[in-house]
Every structure is written in C-alpha cells, then in structure tokens.
Amino acid sequence: MPAAEEFRREWFEKDYYTILGVPKNADQASIKKAYRKLAQKHHPDANQGDAAAEARFKEVSAAYDVLSDTEKRAAYDRVREMGASGFGAGGFPGGGARGGYPGGAQVMDMDDLLSGLFGGARARGGSRGSARTRAQKGADLETQVRLSFEDALAGVTLPVKLTGPAACSVCRGSGAAAGTHPVTCPECGGAGQRAVNQGFFQMAQTCPHCQGSGRLIETPCPSCRGSGAERRTRTIQVKLPAGVKNKARIKVAGKGEPGGVGSQPGDLFVKVNVDAHPVFGRKGDDLTLTLPVTFPEAALGAQVQVPTLDGPVTLKVPSGTTGGTTFRVKGKGAPRRGGHGDLLVTVQVDVPAKLSREEKRLLEELRDERKESPRTPLGVT
C-alpha cells in the first residue's frame, strides 16, 4: 500500500471522477455502475498479457476505492479543492502562521483532511495515529448463471466454476510454509505504519518493511512463494433463494479474488438469468396467467380449472365476464418473505376460427334474438 505522501501526491495529480467518467456530484450508484463497467472491460483475466489494460484496471480500482468510501471521498474532494487554491503536492505554501510556528508556515490539520485514508497525521508534537493501515482488499468478481422458471421459484444451490487468482491451496492464503506462521513486523510493531517527519508535520507512513500488513513471512510457502495466492479453477456452491428474480445480483461474501497476505478477499457477485415459462409470467412477487374461456362460459358464468405451480385450482368466472378481466388467486404467486405473492388470472374469450353447422345456427339465433347493439352507446349500430 503506498505511503501517505504518495497518496497525497496522487490525489493532487489524478482526477478520479474523470478516470471513472462520472461527474463530481455523481451518486454512489452511478459511481458503482461506472466502476463495474470499466473493471469488466479492463480486467486482467479478460486482457491477458495486455500491460496497458492491467494498468488501466489498477487506476480504475484506485479511483473506485476512494470515491466509493464516503469519508475518503470527502477527504479527496478537500485535497482537490486545496490544490485548486494554490497548494501543491510538494508542500503547503505560506499564508499566515498557525500554531505559533515562525516564518509564515501554514500548519494544516491533517487529521481532519486525510484521516479517512492515512489513519491520522499529526502536527509535530502530537501522538502518532494508532490505527493500523488497512490492507488492500481483494478484487470483486462477477459471473452469471441461468435458471429454469421453476428453479428460480423453488430456490436452488448451484456449483459455479471460477478460474483465476484464489487462496493458495497449500498454505490456505497465509503465505507461510507448512509448520510456520507469519510474525509481527518488528519495524512497526504490527501497526503497519511508522511516523515520518514532514516539516511541521509528522505523517503516518506505510511501513516499508512489511508493506503495511503488520506481518512478516520468514519462511514463505514454496507453492505460492509467500504471496498467499495461486491461479486455479475452483468451484463455489452458490445458494439462490426461493423466488429469486430475473436479473437479480446475488452477493457471495469473501469468494472473490484474494487480497494481499493478511487482508480480506473480495466478494463474488452472481447475476441470475431466469428462463421464460410457457404458461406463467411474473410481475414482482405475483405470477400472471392468461386463461382462455368460451363465450358461453363468459356470458353464463362457470367454474373453471386454473393451473398453478402446485396443481390446478377452481376459479369462479361470474356471468357477464368480459375479455381482459383479471382475477386474483391468493397465495399462488412467487415465494417472498413471510409467504407468497398471488396469481393474476386474465380472462381471454376464445373465438373459434371454425364453427360446425349446428354452432353456426345457434349463434345466428342468438344474434337475431339480441335486440340492442353493443355499439349503441357509440351512436352507431
């Protein structure tokens, strides 16, 4: 992890909003969407051997790491505003002494400005921040699965294969050889930071001895050479809840790429694609169904059978029902918290394409018997 001074210089030099292609007032959802699109495009697994793509991926990840964190983003915005006002990465120009220092040196409250990232920076004489440098979390991964309509409603556990960086199967991600363990860094005492004087400031800088992890591996794992990671194919069992919707994005915590030794792995996001059903549709937690009925059933009323995922049920169609009328069958929809949605049954009056001679005669009698045209309200016959 870069030192505090390196972060400060990068913040002055790089416009993270431009890197992600979002405006400065973008909300978190827009920032996340932009990051996912760029990360997928430039991910090393999709651009093997492309150094430029890898560098772009790291740049995008660094921008997202700051802008996705409310506190870091606020500190970054303040640093950028300070730079626009005439401050620079090389130091803080004069403008009236603060804290009693001579020569017009400006003493900034770095705790307020950079505490979100650096773990606290103090003016000379202050105490060193005790917060340990947070190790770099592993990258998130995203994959897709396809489900049948029935499996989506019932819920299912699927094996998902991933090929790429994973925790070393020999040392289980510790980076240490069998029978050994990482030890506390003697340089920083496990804090991952050390104090560095910066003129009137004492900055909390990443410990160069342990690279901010607070730990040292004296006997590296021979398989991963101490990195704690290896490239392999692994199978993750992903549990999809009953009633999962099409295009849902399920988070599987800790199943992404491994981070540095001693850090947390990223997460796995599974996008769900649900196949269409030949009979049922879906509207939120409700299922939908188009039910054909005959003209006599619609006109006279009838008890008709309606299919559901649990077997047929009987629906009463009142006399005089018109096409397009929707009936609600309670509790026969998709699973949801605390129960099920409903089944929405829309009636469609079936008009036969062919009639027998007797059917035609009876319909002609009905036509002649009916005295009033349904078009009378429209002023026509």
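Quick notes on the rules
Residues numbered from 1 in each chain as written. Predicted model: local features only at pLDDT ≥ 70, side-chain atom pairs only at ≥ 80, totals over all residues. Heavy atoms only, no water. Helix = DSSP H or I, 4+ residues; strand = E, 2+ residues; numbered from the N terminus. Buried < 20%, exposed > 50% of the residue type's maximum accessible area, 1.4 Å probe, protein only. Contact = heavy atoms within 4.5 Å. Areas by Shrake-Rupley, 256 points an atom, 1.4 Å probe, with all protein chains shown as cover. Patch = residues over 30% accessible without salt bridge, like charges linked within 9 Å, V, L, I, M, F, W, Y side chains within 5 Å. Salt bridge = Lys/Arg side-chain N within 4 Å of Asp/Glu carboxyl O. Pairing = 2+ DSSP bridges. Axes fitted to C-alpha atoms, helices over the stretch in contact; angles between N-to-C directions. Phe/Tyr/Trp six-rings, centres within 6.5 Å; stacked < 30°, edge-to-face > 60°. Lys NZ or Arg CZ within 6 Å of the ring centre and 35° of its normal. Core = buried A, V, L, I, M, F, W, Y, C linked by side-chain atoms within 4.5 Å. pLDDT = per-residue confidence, 0-100. 1 Å grid on protein atoms, 1.4 Å probe; cavity = no way out; pocket = protein on both sides within 12 Å on 5 of 7 lines; lining within 4 Å. Points joined across faces, edges and corners; volume = space filled by probe spheres on them. Nonpolar A, V, L, I, M, F, W, Y, C, P; charged D, E, K, R; others polar. Parallel < 35°, antiparallel > 145°, perpendicular 65-115°, else oblique. Left-handed = near helix turned anticlockwise from the far one by under 90°.

### Some words on the overall build of the protein chain
Looking only at helices and strands, one finds nine helices and 18 strands in the protein chain. Relative to its full complement of 381 residues, the protein chain shows a buried share of 37%. Contacts spanning at least 24 positions in sequence make up 65% of the contacts within the protein chain whose residues lie at least 6 apart. Here the protein chain has roughly 22,000 Å² of accessible surface; of this, 50% comes from carbon and sulfur atoms.

### Considerations on a nonpolar patch on the surface
On the surface, a cluster of nonpolar side chains totalling about 350 Å² of accessible area is made up of F295, L355, L363 and L366. Structurally, the position occupied by L355 is in the loop between β18 (343–350) and α9 (357–369).

### With respect to the sheet that holds strand β9 (residues 249–252)
In sheet architecture, strand pairing relies on hydrogen bonds along the backbone and comes in two forms, parallel and antiparallel. One open sheet accounts for three strands, arranged β2-β10-β9; its pairing is mixed. Two strands close off the open sheet at either side, each with one partner strand: β2 (141–147) and β9. The mean angle between the axes of side-by-side strands here comes to 30°, regardless of whether they run parallel or antiparallel. Summarising the sheet, β9 and strand β10 (residues 268–274) pair through four bridges and their orientation is antiparallel. In the sheet register, K251 faces β10, and the bridge partner there is F269.

### Looking at the packing of aromatic side chains
Using the criterion set out here, one finds three aromatic pairs in the structure. Centre to centre, the rings of Y16 and Y76 are 4.8 Å apart; their planes meet at 20°, and the pair counts as stacked. Of this pair, Y16 sits in helix α2 (residues 16–20) while Y76 is found in helix α5 (residues 70–84), placing the two residues 60 residues apart along the sequence. You'll find Y16 and Y76 in the same group, each marked buried. The ring of F269 is capped by R249, whose NZ or CZ atom sits 4.0 Å from the centre of that ring.

### Regarding the nonpolar core
Among the nonpolar cores identified, the biggest contains 37 residues, and V238, L240, L268, V272, L315, L343 and V345 are the most heavily contacted of them. In this structure V238 touches V156, T157, L158, V160, V252, L268 and V270, once residues within four positions along its chain are discounted. Ranked by size, the runner-up nonpolar core spans 23 residues in total, among them Y35, V60, A75 and A139.

### Looking at the environment of T143
Of note, T143 is situated in strand β2. Counting along the chain gives 19 residues from T143 to L162, while the straight-line C-alpha distance between them is 8.4 Å. For T143, the residues in contact, after removing those within four places along its chain, are V160, L162, L268, F269, V270 and K271.

### Some remarks on the confidence of the model for the protein chain
Taken residue by residue, the protein chain gives an average pLDDT of 82. The fraction at 70 or more is 81%. Considering each helix and strand of the protein chain separately, the mean pLDDT is smallest for strand β1 (residues 122–123), with a value of 37, and largest for strand β15 (residues 326–329), with 97. Of the regions scoring below 50 in pLDDT, residues 1–6 engages in 17 contacts with residues more than four places distant in sequence or in other chains. Of the regions scoring below 50 in pLDDT, residues 87–134 engages in 117 contacts with residues more than four places distant in sequence or in other chains.

### Describing the layout of surface pockets
Summary: where empty space remains is shown by rolling a probe the size of a single water molecule over the atoms. The volume enclosed by the second largest pocket comes to roughly 660 Å³. Lining the second largest pocket are 16 residues, with F295, P296, L362, L363 and L366 positioned closest to its centre. When contributions to the lining of the second largest pocket are tallied by element, the ones reaching two or more residues are α8 (295–300), β18 and α9. The element contributing the most residues to the lining of the second largest pocket is α9, with five residues. Tallied by class, residues from the lining of the second largest pocket come to 11 nonpolar, one polar and four charged.

### Considering the packing of helix α3 (residues 28–42) against helix α4 (residues 51–67)
Two elements in contact, α3 and α4, have axes whose closest approach is 9 Å; the angle formed by their N-to-C orientations is 165°. When the axes of α3 and α4 are compared, the pair comes out roughly antiparallel. Note that α3 runs across α4; the crossing there is left-handed. Residues Q28, I31, K32, Y35, L38, A39 and H42 of α3 form the contact with α4, whose own contacting residues are A53, E54, R56, F57, V60, S61, Y64 and L67. Counted by class, the contact of α3 with α4 contains nine nonpolar, three polar and three charged residues.

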